[in-house]
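Okay, here's what each chain looks like letter by letter:
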Amino acid sequence: MSPLPPQLISPLDNRYYKAVAPIGEHLSEAALNRARVRVEIEWLIYLTDAGMFGAAALDDYQKARLRAVVDEFDQRAIDALAEIEARTRHDVKAVEYYVRDQLRALGLEGVEELTHFGCTSEDINNTSYALTIRDAVEQVWLPAARDLVAQIADLASAQRAQPMLSLTHGQPATPTTLGKELAVVAHRLGRVLRRVESQEYLGKWAGATGNFAAHLVANPEFDWEQAADDFTASLGLIWNPLTTQIESHDWQAELYSDIAHFNRVLHNFCTDVWQYIQRGIFKQIPQPGATGSSTMPHKINPIRFENAESNLELSCAVLDSLAATLVTSRMQRDLTDSSSQRNIGVGFGHSLLAIDNVRRGLGELAVNPEVLDRELDGNWEVLAEAIQTVIRAEIVAGRSQIEDPYAVLKELTRGHAVGRDELIEFVDGLDIGDDAKARLRDLTPGGYTGRSEQLVERL
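Only a predicted model underlies this, so the values are computations on that prediction, with no experimental measurement involved. (Residues numbered from 1 in each chain as written. Predicted model: local features only at pLDDT ≥ 70, side-chain atom pairs only at ≥ 80, totals over all residues. Heavy atoms only, no water.)

**Some words on the overall build of the chain**
Each helix and strand counted, the chain has 19 helices and six strands in total. Since a compact globule built from 459 residues should have a radius of gyration of about 23 Å, the 31 Å found for the chain marks it as more spread out than a globular shape. The principal-axis extents of the C-alpha atoms in the chain amount to approximately 100 × 65 × 40 Å. Working note: accessible area of the chain is about 23,200 Å², and carbon and sulfur atoms make up 50% of it. (Helix = DSSP H or I, 4+ residues; strand = E, 2+ residues; numbered from the N terminus. Rg over C-alpha atoms; globule rule 2.2 N^0.38 Å. Areas by Shrake-Rupley, 256 points an atom, 1.4 Å probe, with all protein chains shown as cover.)

The structure is reproduced here in structure tokens:
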């Protein structure tokens, strides 16, 4: 058998690439290197602006030319960095040498030694990761997640008055509306999104073990702590003043826990929608040219939701591992975070793919009110709760002498179906007031949804 030509391993990079490509703009190796180059260049500009060691500040044109190195970062830059790293066998050192090469090409050799000044690799890495993760969340993941929540909320609003039989423990229970149950999901997901939106992105900028030791020896009069605060703020980050060699990654653990929480709520939604489809509450709209089964032509499989389930589980597996691993580092530094963080994009990619699948899946569904009505009409016994509750109110009001109304309704309804006529006959024979009887006679499963419709407005 002839070997295949070189292949990518992750399905995110081939089969599913179209759905997750925007994440690669921020959470790929190339995106990380571009961010590293940016941080190195911005730090050099900051130091020259401060006149460090008598260095002349760069003029606007020189700054623009340097920043263009980041803006024009392309495949040639990626290849050039790879060649340098092949020699250095150190990714951040390769970035430093690459920036030095750019300075020489621009005739800025005089400030070359300010490249990477006072930095350890982790200063560059932690801020670069913070920038790429922040941009991935704010520019890609959050917009996709918000669109999904809005789609579910719109469907909830449209179906807010559609009665539906509830199932608790898989058994018929007090009716609700389809819209209210969808609103529960939108509300849950929305709460998680608000936490993600308020996420802090921290940056460490303090040298080899986080103490500004070399900085102070080189320039003891300079306020390096203020410089670190100002510089990280200029990147749009919050300075973390107390670190070891690494930024402690606690903010990352918090973020990944929230994304995983979102995933799990969405996973619960997928399994419920799958069962709604199975019950016939949702009809799947046939898609032209699509095949449900290779041998059973009648089938339309709920593949969007099944695919989403799998990808949400994979995303959680990666994000949970990151959240657990990144908060631990031996003494002042070990490299366990280095390999781990290279998989951040994998965790976000599978979540983004799942969101895309759910959005597409919801767009291929239609509500089937006939099934909803049939389920309700076949389960009049769910009104037992209402009847026994009214009896209890009548007892308190002194209009009934019935003993243990719960037991009375349990005897009537538990374990078998009860029809409308049977319930009306039962109500007519109750020792309760006429007004209470009239309310119960008018009650139907479809009308026994309480404030479901109004609760949707809480969204």
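Now, onward.
**Topic: the environment of Leu-266**
By the secondary structure assignment, Leu-266 is in helix 10 (residues 250-279). In sequence terms Leu-266 and Ser-338 are 72 residues apart; their C-alpha atoms lie 30 Å from each other. Setting aside residues up to four positions removed in sequence, Leu-266 forms contacts with Leu-148, Leu-189, Leu-312, Ile-355 and Val-358. (Contact = heavy atoms within 4.5 Å.)

**Description of helix 2 (residues 29-49)**
Compared with the 30 Å implied by 1.5 Å per residue over 21 residues, the 30 Å span of helix 2 between its first and last C-alpha is a close match. Of all 21 residues that make up helix 2, 15 are buried, and the element is covered over most of its length. One or two residues past the end of helix 2 sits Gly-51, with phi positive at roughly 65°. (Expected span 1.5 Å × (residues − 1). Buried < 20%, exposed > 50% of the residue type's maximum accessible area, 1.4 Å probe, protein only.)

**A look at the pattern of salt bridges**
Charged atoms that come close allow side chains of opposite charge to pair. Counted under the stated rule, the structure contains 29 salt bridges. For Arg-359, the salt bridge is made with Asp-147, and the minimal N-O distance between the two is 3.9 Å. A residue pair is termed long-range when its members are at least 10 positions apart, and Arg-359 in helix 13 (residues 344-362) and Asp-147 in helix 6 (residues 121-158) qualify at 212 residues. In this structure, Glu-181 and Lys-180 form a salt bridge, with 3.4 Å as the shortest nitrogen-oxygen distance. With a relative accessible area of 25%, Glu-181 lands in the partly exposed category. Taking relative accessible area as the criterion, Lys-180 reaches 24% and is therefore assigned partly exposed. Several salt bridges converge on common partners, so that one network encompasses Lys-93, Glu-96, Arg-100, Asp-101, Arg-104, Glu-112 and Glu-113. (Salt bridge = Lys/Arg side-chain N within 4 Å of Asp/Glu carboxyl O.)

**A word on a negative patch on the surface**
Negative charge collects at one region of the surface, where Asp-223, Glu-225, Asp-229 and Asp-230 lie side by side. In this structure, Glu-225 sits in helix 9 (residues 224-234). The exposure class of Glu-225 is partly exposed, given its relative accessible area of 49%. (Patch = residues over 30% accessible without salt bridge, like charges linked within 9 Å, V, L, I, M, F, W, Y side chains within 5 Å. Lys, Arg positive; Asp, Glu negative; His and termini not counted. Charge placed at Lys NZ, Arg CZ, Asp CG, Glu CD.)

**Regarding the pairing of strand 1 (residues 163-168)**
In the case of a regular strand, side chains alternate between the two sheet surfaces. Bridge count between strand 1 and strand 2 (residues 171-177): five bridges; the pairing is antiparallel. In the sheet register, Ser-166 faces strand 2, and the bridge partner there is Ala-173. The hairpin turn running from strand 1 into strand 2, its antiparallel successor, is two residues long, and His-169 in that turn takes a positive phi close to 60°. (Pairing = 2+ DSSP bridges.)

**Let's talk about the state of the cysteines**
Per the stated rule, a full pass over the model turns up zero disulfides. Cys-270 forms no disulfide, and the closest cysteine sulfur to it belongs to Cys-316, at a distance of 11 Å. Among the residues examined, Cys-270 registers a relative accessible area of 0% and is labelled buried. (Disulfide = S-S within 2.5 Å.)

**Quick word on helix 18 (residues 434-442)**
Along helix 18, the residues classified as buried are Ala-436, Lys-437 and Leu-440. All buried residues of helix 18 lie within an arc of 100° about the axis, which places them on one face of the element. For helix 18, the exposed residues lying more than 90 degrees away from the buried face are Asp-434, Asp-435, Arg-439 and Asp-442. The secondary structure elements touched by the buried residues of helix 18 are helix 15 (384-396) and helix 17 (420-428). (Arc of directions from axis to C-beta.)

**Examining the side chain of His-116**
Among the secondary structure elements, His-116 is positioned in the loop between helix 5 (91-105) and helix 6. Taking the relative accessible area as the measure of exposure, His-116 reaches 12% and is therefore buried. Not counting residues up to four positions away in its chain, the partners in contact with His-116 are Glu-40, Val-92, Glu-96, Ser-121 and Ile-124.

**Quick notes on the UniProt feature "domain: Adenylosuccinate lyase PurB C-terminal" (unreviewed entry) in the chain**
Within this structure's numbering, the places UniProt gives as "domain: Adenylosuccinate lyase PurB C-terminal" (unreviewed entry) are residues 329-449. The distance from the first to the last C-alpha atom of residues 329-449 is 54 Å, and the span holds 61% helix and 2% strand. (UniProt positions renumbered as here; feature names shortened; annotations may be inferred.)

**Topic: the packing of helix 15 against helix 18**
Look at helix 15 against helix 18: their axes get within 11 Å of each other, and the N-to-C directions meet at 170°. Accordingly, the angle class assigned to the pair helix 15 and helix 18 is roughly antiparallel. Between helix 15 and helix 18, the residues in contact are Ala-386, Ile-387, Val-390 and Glu-394 and Ala-436, Arg-439 and Leu-440, respectively. In the contact of helix 15 with helix 18, the residues fall into five nonpolar, no polar and two charged. (Axes fitted to C-alpha atoms, helices over the stretch in contact; angles between N-to-C directions. Parallel < 35°, antiparallel > 145°, perpendicular 65-115°, else oblique. Nonpolar A, V, L, I, M, F, W, Y, C, P; charged D, E, K, R; others polar.)

**Considering the packing of helix 6 against helix 13**
For the pair helix 6 and helix 13, interaxial distance at closest approach is 10 Å and the crossing angle is 20°. As summarised for this structure, helix 6 and helix 13 are arranged roughly parallel, according to the angle between their axes. Remark: the crossing between helix 6 and helix 13 carries left-handed chirality. Judged by residue contacts, Tyr-129, Ile-133, Val-137, Val-140, Trp-141, Ala-144, Ala-145, Asp-147, Leu-148, Gln-151, Ile-152 and Leu-155 of helix 6 engage Ile-344, Phe-348, Ser-351, Leu-352, Ile-355, Val-358, Arg-359 and Leu-362 from helix 13. (Left-handed = near helix turned anticlockwise from the far one by under 90°.)

**Side note on the side chain of Thr-232**
As for its position among the elements, Thr-232 is in helix 9. Its relative accessible area of 0% is what places Thr-232 among the buried residues. Beyond its immediate chain neighbours, meaning those up to four positions away, Thr-232 contacts Gly-203, Trp-205, Leu-237, Ile-238 and Trp-239.

**Structural notes on the environment of Gln-401**
Considering the arrangement of structural elements, one finds Gln-401 in the loop between helix 15 and helix 16 (405-413). With relative accessibility at 64%, the residue Gln-401 sits in the exposed group. For the pair Gln-401 and Ile-432, spaced 31 residues apart in sequence, the C-alpha to C-alpha distance is 8.3 Å.

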